[in-house]
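What follows is each chain in one-letter form.
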Amino acid sequence: MKQQYTTLLFDLDGTLVDSGEGIMRSAEHALNHFGIEVADYRTLRPFVGPPLEDSFIDFYGFTPEQAAEAVEVYRERHAAIGMYEEELYPGVLDFLREVKRRGYTTAIATSKMRFQADIVVKEIFPELSPYIDKVFGRDDEGLLHTKADVINDGLKQLQITNLHEVLMIGDRRFDIEGAKVCGLDSMGVLFGYGDRPEMEQAGADYICESYDEMLQYL
């Protein structure tokens, strides 16, 4: 059943952009810095989505200090190489063009640092810019950490008063859980780095396999 959504919040990695290659290889680079060898970098798929510090702590038992160092090493490679290993998902521009034709306000709410997301949208894939009204991400001051933090910041900046008009769209449970914390409906997509069981367990209101299917709910 279609709802009266007016604003769409999109995750970036795994939803609009296939950034897994750059993220996983940069995470491998950071782990190598600590003497940890990864047999196959593709096993680092869980790094796509959550805040990097959390991933190093949760998956490899790093201390907060080690995690902070790992993130710095990660960012060195990602800024120089990893960001350019990303690709737009096929059909994403047609999807966004139709979304804007229908009159939606669109914004990105990502666990990337905001400056990194700006680079992706404005420099690496400037063809996205006409279809994205705002970019929200984690801040340099460290006040915004979780996806819920980023979403709430976006809602405030957009001056949203009716939460029922906003839909959060993403490919990992963090997007769905963040939406729930903020009181938003959510849509999980299956062409990114999560799967249907993850979306169902997180409680996504809609689960879609393609951009065409997403448009049926909008």
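Read on for an overview of the structure. (Residues numbered from 1 in each chain as written. Predicted model: local features only at pLDDT ≥ 70, side-chain atom pairs only at ≥ 80, totals over all residues. Heavy atoms only, no water.)

1. Some details on the overall build of the protein
For the record, the criterion: Only runs of H or I of at least four residues qualify as helices and only runs of E of at least two qualify as strands under DSSP, and these elements are numbered from the N terminus. C-alpha atoms define the radius of gyration in this analysis, and the globule rule sets the expected value at 2.2 Å times the number of residues to the power 0.38. Only protein chains enter the area calculation, which uses a 1.4 Å probe; residues under 20% of their type maximum are buried, those over 50% are exposed, and those in between are partly exposed. Working rule for contacts: check all heavy atoms of both residues, and any pair within 4.5 Å makes them a contact. The Shrake-Rupley method, run with a 1.4 Å probe, gives the accessible areas here. Residue values count only the displayed protein chains as cover. Charge counting treats Lys and Arg as positive and Asp and Glu as negative, with His and both chain ends excluded. All charge positions are set by atom: Lys at NZ, Arg at CZ, Asp at CG, Glu at CD.
Regarding its fold elements, the protein presents 9 helices and 8 strands. Scaling as 2.2 N^0.38, a compact globule of 218 residues should have a C-alpha radius of gyration of about 17 Å, and the protein matches this with 17 Å. The principal-axis extents of the C-alpha atoms in the protein amount to approximately 50 × 35 × 30 Å. Out of the 218 residues belonging to the protein, those deemed buried represent 53%. Sequence-distant contacts, at least 24 apart, represent 66% of the contacts inside the protein between residues at least 6 apart. For the protein, the exposed surface amounts to about 10,000 Å²; the carbon and sulfur share of it is 47%. Of the side-chain charges in the protein, 21 are positive and 40 negative, and the distance between the mean point of each set is 5 Å.

2. Describing the pairing of strand β1 (residues 7–10)
Defined as follows: Two strands pair under a simple rule: DSSP has to find at least two bridges between them.
What you see with β1 is no split at all: T7 and L9 on one side and L8 and F10 on the other are buried throughout. When β1 meets strand β4 (residues 105–113), the two strands line up parallel, connected through 4 bridges. From the neighbouring strand, L9 faces β4, where its bridge partner is A107. Sheet analysis places β1 next to strand β6 (residues 166–170), joined by 4 bridges and oriented parallel. Note that in β6 the partner of L8 across the bridge is L167.

3. Some points on helix α1 (residues 20–33)
Heads up, the condition is: The span expected for a helix works out to 1.5 Å for each residue beyond the first.
Taking 1.5 Å as the rise per residue, α1 with 14 residues should run 20 Å; its terminal C-alpha atoms sit 20 Å apart, in good agreement. Of all the positions in α1, only G20, G22, I23, M24, S26, A27, E28, A30 and L31 are classed as buried. Just beyond α1, the residue with positive phi is G35, at close to 80 degrees.

4. Digging into the sheet that holds β1
Let me state the cut-off plainly: The angle between two axes is taken between their N-to-C directions and runs from 0 to 180 degrees, where each axis is a line fitted to C-alpha atoms and a helix contributes only its stretch in contact.
Taken in spatial order, the 6 strands line up as β5-β4-β1-β6-β7-β8 in an open sheet, and their pairing is parallel. Every other strand in the sheet has two partners, leaving β5 (134–138) and β8 (206–208) as the edge strands with one partner each. Recorded for the sheet is a direction-independent mean angle of 25 degrees between the axes of neighbouring strands. Relative to the sheet, helix α5 (residues 114–124) contacts β4 and β5, its axis offset from that of β4 by approximately 125 degrees.

5. Section: the environment of Y206
The residue Y206 is located in strand β8 in this model. The sequence separation of Y206 and V189 amounts to 17 residues, and the corresponding C-alpha distance is 8.5 Å.

6. Structural notes on the packing of aromatic side chains
Spelled out, the test is: Two rings from Phe, Tyr or Trp (for Trp, the six-membered ring) form a pair when their centres are within 6.5 Å of each other. A pair whose planes differ by under 30 degrees is stacked, one over 60 is edge-to-face, and the rest are tilted. Lysine NZ or arginine CZ positioned within 6 Å of the ring centre and within 35 degrees of the ring normal marks a charge as sitting over the ring.
Scanning the entire structure with this criterion turns up 11 aromatic pairs. An angle of 40 degrees between the planes, with centres 6.4 Å apart, marks the rings of F47 and Y60 as tilted. A residue pair is termed long-range when its members are at least 10 positions apart, and F47 in the loop between α1 and α2 (52–60) and Y60 in helix α2 qualify at 13 residues. Judged by centre distance (5.0 Å) and plane angle (45 degrees), the rings of Y206 and Y217 are tilted. Here Y206, found in strand β8, pairs with Y217, found in the segment after α9 (211–216); they are 11 residues apart in sequence, far enough to count as distant. A relative accessible area of 24% means that Y217 is categorised as partly exposed. One aromatic cluster is present, formed by F34, F47, F56, F59, Y60 and F62 through successive ring pairs. The ring of Y41 is capped by R25, whose NZ or CZ atom sits 3.8 Å from the centre of that ring.

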